[in-house]
Amino acid sequence: IQLTQSPSSLSASVGDRVTITCRASQGIDKYLAWFQQKPGKAPKLLIYGASTLQSGVPSRFSGSGSGTEFTLTISSLQPEDFATYYCQHLKNYPLTFGGGTRVEIK
Amino acid sequence: EVQLVESGGNLVQPGGSLRLSCAASGFTFSDHYMDWVRQAPGKGLEWVARSRDKPHSYSTEHAASVQGRFTISRDDSQDTLYLQMTSLETEDTAVYYCARGFCSGGTCYSGDSWGQGTLVTVSS
């Protein structure tokens with residue numbers, strides 16, 4: 001199963017609403033997770049089950065979708081949100097990641 | 001506090017071998033699936049391997065890119081995850097992370113906790 005993220009990068013300002021899309025090459029039900037990674041750091045789990053917010057993650061992050069199309073939304077971008085975001089499917093093996101979306105400061 | 005600490009990364013020649021370790025603490029290691037995930041310099045994340053827990057007979061899965069060369073294993077008595085890597089190729093150069101898995105809603109997810117990573121460099 002291939003995961004295609006779009007866009008591959010975006011520039012946004014603090015306070016903007018940001019949406020990242022992850023498309024699966026075949027249906028994966030809701031078996032999708034989203035991660036945030038900052039330079040030189042390990043990834044951090046944001047959302048699993050396509051829409052369940054991981055404990056401790058701010059509520060400005062939300063996920064939606066099922067089947068083949070999924071979105072990660074940041075409702076009001078904060079300075080600490082500038083990072084790269086990855087989706088990962090858990091439908092079957094191998095557990096592939098999307099190519100990543102880099103969110104940069106405008 | 002959950003902690004995962006990787007070690008064993010090093011510079012190794014093509015064709016060589018290396019064993020990575022991931023020492024876990026702060027949780028019941030035997031209750032969790034565990035994954036290895038890698039990231040080549042400047043590239044994205046790549047899932048490498050998974051070890052299931054004791055109720056699932058410690059069964060394993062490996063990515064096609066490492067199948068037959070890498071082997072994931074675990075020692076629950078030592079709360080440690082391993083990745084034995086053989087026949088290393090330059091394309092295996094990456095930071096290797098161990099990640100704790102958890103199960104919810106019919107599947108088991110990666111990475112509610114991660115180590116800091118260990119760098120493997122394959123070069124002559």
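Residues numbered from 1 in each chain as written. Chains lettered and ligands numbered in written order. Predicted model: local features only at pLDDT ≥ 70, side-chain atom pairs only at ≥ 80, totals over all residues. Heavy atoms only, no water.

With that settled, consider the overall build of chain B. A count of helical and extended segments in chain B gives zero helices and eleven strands. For chain B, the N- to C-terminal ordering of α and β elements is β-β-β-β-β-β-β-β-β-β-β. Whereas a compact globule of 124 residues would reach a radius of gyration of roughly 14 Å, chain B reaches 14 Å, a difference of no more than 12%. Counting only C-alpha atoms, chain B reaches 45 × 30 × 30 Å along its principal axes. Here chain B holds 124 residues, and the buried ones make up 51% of them. Sequence-distant contacts, at least 24 apart, represent 53% of the contacts inside chain B between residues at least 6 apart. Surface accessibility of chain B: about 5400 Å² in total, with carbon and sulfur atoms responsible for 44%. Here chain B holds 9 positive side-chain charges and 14 negative ones, and the gap between their average locations is 3 Å. (Helix = DSSP H or I, 4+ residues; strand = E, 2+ residues; numbered from the N terminus. Rg over C-alpha atoms; globule rule 2.2 N^0.38 Å. Buried < 20%, exposed > 50% of the residue type's maximum accessible area, 1.4 Å probe, protein only. Contact = heavy atoms within 4.5 Å. Areas by Shrake-Rupley, 256 points an atom, 1.4 Å probe, with all protein chains shown as cover. Lys, Arg positive; Asp, Glu negative; His and termini not counted. Charge placed at Lys NZ, Arg CZ, Asp CG, Glu CD.)

Enumeration according to the criterion identifies nine aromatic pairs over all chains in this entry. Here Phe 35 of chain A and Phe 97 of chain A contribute two aromatic rings whose centre-to-centre distance is 6.0 Å and whose plane-to-plane angle is 55°, an arrangement assigned as tilted. With Phe 35 of chain A in strand 4 (residues 32–37) and Phe 97 of chain A in the loop between strand 9 (84–89) and strand 10 (101–105), this pair connects stretches of sequence that are 62 residues apart. For the pair Phe 35 of chain A and Phe 97 of chain A, a shared accessibility class is recorded, and that class is buried. Over the face of the ring belonging to Phe 29 of chain B we find Arg 74 of chain B, whose NZ or CZ atom lies 4.5 Å from the ring centre. Stacked on the ring of Phe 27 of chain B, the Lys or Arg Arg 100 of chain B has its end atom at 4.8 Å from the ring centre. (Phe/Tyr/Trp six-rings, centres within 6.5 Å; stacked < 30°, edge-to-face > 60°. Lys NZ or Arg CZ within 6 Å of the ring centre and 35° of its normal.)

Residues and elements named next belong to chain A. Read from one edge to the other, the open sheet built from four strands follows the order 1-3-8-7, with strand pairing classed as antiparallel. At either end of the open sheet lies a strand with only one pairing partner, and these are strand 1 (3–6) and strand 7 (61–66). Geometrically, the sheet is characterised by an average inter-axis angle of 15° between neighbouring strands, direction not taken into account. Here strand 3 (residues 18–24) runs beside strand 8 (residues 69–74); their pairing, made up of six bridges, is antiparallel. Looking at the pairing, Cys 22 lines up with Phe 70 of strand 8. (Pairing = 2+ DSSP bridges. Axes fitted to C-alpha atoms, helices over the stretch in contact; angles between N-to-C directions.)

What follows deals with the state of the cysteines. Residues and elements named next belong to chain B. According to the stated counting rule, one finds three disulfides over all chains in the structure shown. In this model, Cys 22 is linked to Cys 98 through a disulfide, with the two sulfur atoms separated by 2.0 Å. On the S-S bond that ties Cys 22 to Cys 98, the torsion sits near 50°, and the link is right-handed. With Cys 22 in strand 3 (residues 18–25) and Cys 98 in strand 9 (residues 94–104), this residue pair connects regions lying 76 residues apart in the sequence. Given the relative accessible area of 0%, Cys 22 is considered buried. The disulfide that involves Cys 103 links it to Cys 108, with 1.9 Å between the sulfurs. Residues Cys 103 and Cys 108 are joined through a disulfide that is right-handed, its torsion about the S-S bond being 100°. Cysteines bonded in chain B are numbered consecutively along the chain; their disulfide partners then correspond to 1-2, 3-4. (Disulfide = S-S within 2.5 Å.)

Without other data, these values stay purely geometric and don't point to any function.
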